[in-house]
Amino acid sequence: MRRWIVAMGGGTFASSGTRTPLDDVVLSLARARHDKARPAICFIGTATGDDAGYIARFHAAFADVAETSHLALFSRTVEDITPFLLGQDAICVGGGNTASLLAVWRAHGVDAALRLAHDARVVLAGASAGSICWFESGTTDSFGPTLHALTGGLGLIPGSHSPHYDGEPQRRPTYQRLIEVASLPAGIAVDDHAAAIYDGPELVEVVAAHAGPTAYRVERGPDGRAIETPLAARLLP
């Protein structure tokens, strides 16, 4: 059984509470894990401080097709996090402040629990901060309005990552510059409404909700300049 990670640039239930084609990819993988019509899917909204509206939008998007739950850490109600997360078929991580998310996770042992969930073939997914967290490093606005390099991700996927590659004007030039000056290692950038799907550390495919969005390999060339290579994306129904 594969160890799926779905790294989405953006374009999920987060804004409307309605499932998008990218969300349906996560749902499909969760269903396939144990051939369940209604898989167990958990939302982790640490990056926005367990924002109640964000949590409500998750439940609104998935409650008709899955057994939904969420893991709150600021008003914690789950005493033993590891078995709780191991009982899920998929875990969706919301966007927000990536640096704060990682710090809070480590304080509560969520980082270790997620590693065990990954080994147990629980589907891991997320957009923005919920996408960056699976990599070693990435671009972040965690420290203010200007984008910076962030290190100390979970490292389930090697290299660096930039979400919102076409959705925020500074994402593309900043990511390339940080790779050029070796502040970040080579990695993958993902447009909004696209996702990179991994089996463990290996990229399996790129999918997109409509024509246009995709993902890119970005690396430092021999002359020190960033090389951006677009990857073909499969259009979702």
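Look above for the structure.
Residues numbered from 1 in each chain as written. Predicted model: local features only at pLDDT ≥ 70, side-chain atom pairs only at ≥ 80, totals over all residues. Heavy atoms only, no water.

Colleague: Lay out the pairing of strand β3 (residues 67–71) in plain terms, naming residues and giving numbers.
Modeller: Note: strand β2 (residues 40–44) against β3, five bridges, orientation parallel. In the sheet register, F43 faces β3, and the bridge partner there is H70. The β-α-β motif built from β2, the intervening helix α2 (residues 52–62) and the parallel element β3 has right-handed crossover chirality. (Pairing = 2+ DSSP bridges. Helix = DSSP H or I, 4+ residues; strand = E, 2+ residues; numbered from the N terminus. Right-handed = clockwise from strand over helix to strand, strands pointing away.)

Colleague: Explain the packing of aromatic side chains to me, using residue names and the numbers behind them.
Modeller: Under the criterion given, the structure shown has 11 aromatic pairs. Geometrically, the ring pair formed by W105 and W134 is tilted, given 6.3 Å between the ring centres and 40° between the ring planes. Placement of the pair is W105 in helix α4 (residues 98–108) and W134 in the loop between α6 (129–132) and β6 (135–140), with a sequence separation of 29 residues. As far as the burial class goes, W105 and W134 line up, both buried. An aromatic cluster of at least three residues, connected via ring pairs, comprises F13, F43, Y54, F58 and F62. The aromatic ring of Y216 is capped on one face by R172, whose charged end is 5.1 Å from the ring centroid. (Phe/Tyr/Trp six-rings, centres within 6.5 Å; stacked < 30°, edge-to-face > 60°. Buried < 20%, exposed > 50% of the residue type's maximum accessible area, 1.4 Å probe, protein only. Lys NZ or Arg CZ within 6 Å of the ring centre and 35° of its normal.)

Colleague: Can you lay out helix α7 (residues 171–180) for me, pointing to particular residues and giving the numbers?
Modeller: Among all positions of α7, only R171, T174, Y175, L178 and I179 are buried. Seen along its axis, α7 keeps its buried residues to an arc of 130°; they face one direction. Here the buried face of α7 lies against β6, β7 (148–151), β8 (157–162), β9 (187–190) and β12 (215–220). Among the residues trailing α7, A182 stands out with phi positive, at a value near 65°. (Arc of directions from axis to C-beta. Contact = heavy atoms within 4.5 Å.)

Colleague: I'd like a description of the nonpolar core, backed by residues and values.
Modeller: Judged by nonpolar contacts, the single largest core of 40 residues is most densely connected at I44, L85, W105, L114 and W134. Residues M8, V25, A30 and V207 belong to the second largest nonpolar core, which totals 28 residues. (Core = buried A, V, L, I, M, F, W, Y, C linked by side-chain atoms within 4.5 Å.)

Just distances and angles here, no functional claims.
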